[in-house]
Amino acid sequence: MRSPLQRTVLAGLALLGLAAIPDSVQAYDRYSPRPPVMYPEEGQAWWMERPTYGAPRRSRGATETVGLMPRSERPTARKSRQFDPAFLPAIVEYDGSERPGTIVIDTESRYLYLIEDDGTARRYGVGVGKPGFEWAGAHTITRKAEWPSWTPPAEMRARRPGLPVRMEGGLDNPLGSRALYLGSSLYRIHGSNEPWSIGKAVSSGCIRMRNEDVEDLYERVGVGTRVVVR
């Protein structure tokens, strides 16, 4: 046991230690509110307090950032494969020099026109040859076929070795449901199972249409019809 003198000395040392601690530390209480933090540019204070348990959180706006990229600017995984309605069939005025019954294909605007005899034309959207496969000229339709078979030319098979030598007609055939053969050339006006490609330069020179559009054109024209490609 300590003597009265020892207890007195220890009590004095304890008092001296407390006196050496700054007032700010002595007054610290972890349960008391924190002092405000001032924004110099705004002169406003906010309290660094945790929200009450169960309090609703503020929802994130649609245009707020996620990481380093705004949510509204996130890249899409793949491009849309929807048909562009600008290429739906339509009746339009025609004041050109071609005679009624002629097919005129404008490869720049990606439209095919079937000239009528009342100053109008039936207009259809088409896909045309990709760069390096464009062409222009005049031919006649020499053959018509429903659900045609496809025999890729040797030049195409050389460029794409995986192509079959021949493919029977059907839903998977790239010529679609109808084909109109142009003279002795390798080109055709034919259907397509990829309607999103209409209005684009994607083919190896053939003129492609939606299946429902080429079927409509197929019933309106016959062998011998003049076709002008511009």
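For the structure itself, look to the data block above.
Below or above, wherever it landed, is the structure these notes cover. Fair warning: this is a prediction, and the values are worked out from it, not measured in the lab.

What counts, and where the lines are drawn
- Residues numbered from 1 in each chain as written.
- Predicted model: local features only at pLDDT ≥ 70, side-chain atom pairs only at ≥ 80, totals over all residues.
- Heavy atoms only, no water.
- Core = buried A, V, L, I, M, F, W, Y, C linked by side-chain atoms within 4.5 Å.
- Buried < 20%, exposed > 50% of the residue type's maximum accessible area, 1.4 Å probe, protein only.
- Helix = DSSP H or I, 4+ residues; strand = E, 2+ residues; numbered from the N terminus.
- Contact = heavy atoms within 4.5 Å.
- Phe/Tyr/Trp six-rings, centres within 6.5 Å; stacked < 30°, edge-to-face > 60°.

1. A look at the nonpolar core
- With 20 residues, the main nonpolar core has Ile103, Ile105, Leu112, Ile189, Met209, Leu217 and Val227 as its most contacted residues.
- For this core, the secondary structure elements donating two or more residues are strand S6 (103–106), strand S7 (111–115), strand S11 (178–182), strand S14 (207–210), helix H4 (211–220) and strand S15 (226–229).
- With three residues, the top contributor of residues to this core is H4.
- If we skip the residues at most four places from it in the chain, Ile189 touches Ile103, Ile105, Leu112, Arg178, Ala179, Leu180, Leu182, Ile207, Met209, Val214, Leu217 and Val227.
- Core analysis: the second largest hydrophobic core is formed by nine residues, Phe83, Val104, Ile115 and Ala121 among them.

2. A look at the packing of aromatic side chains
- All chains considered together, the criterion is met by three aromatic pairs.
- With a centroid separation of 6.3 Å and 55° between ring planes, the pair formed by Tyr111 and Tyr113 is classed as tilted. When sorted by exposure, Tyr111 lands in the same class as Tyr113, which is buried.
- Through pairs of rings, three or more aromatic residues link up here, namely Phe87, Tyr111 and Tyr113.

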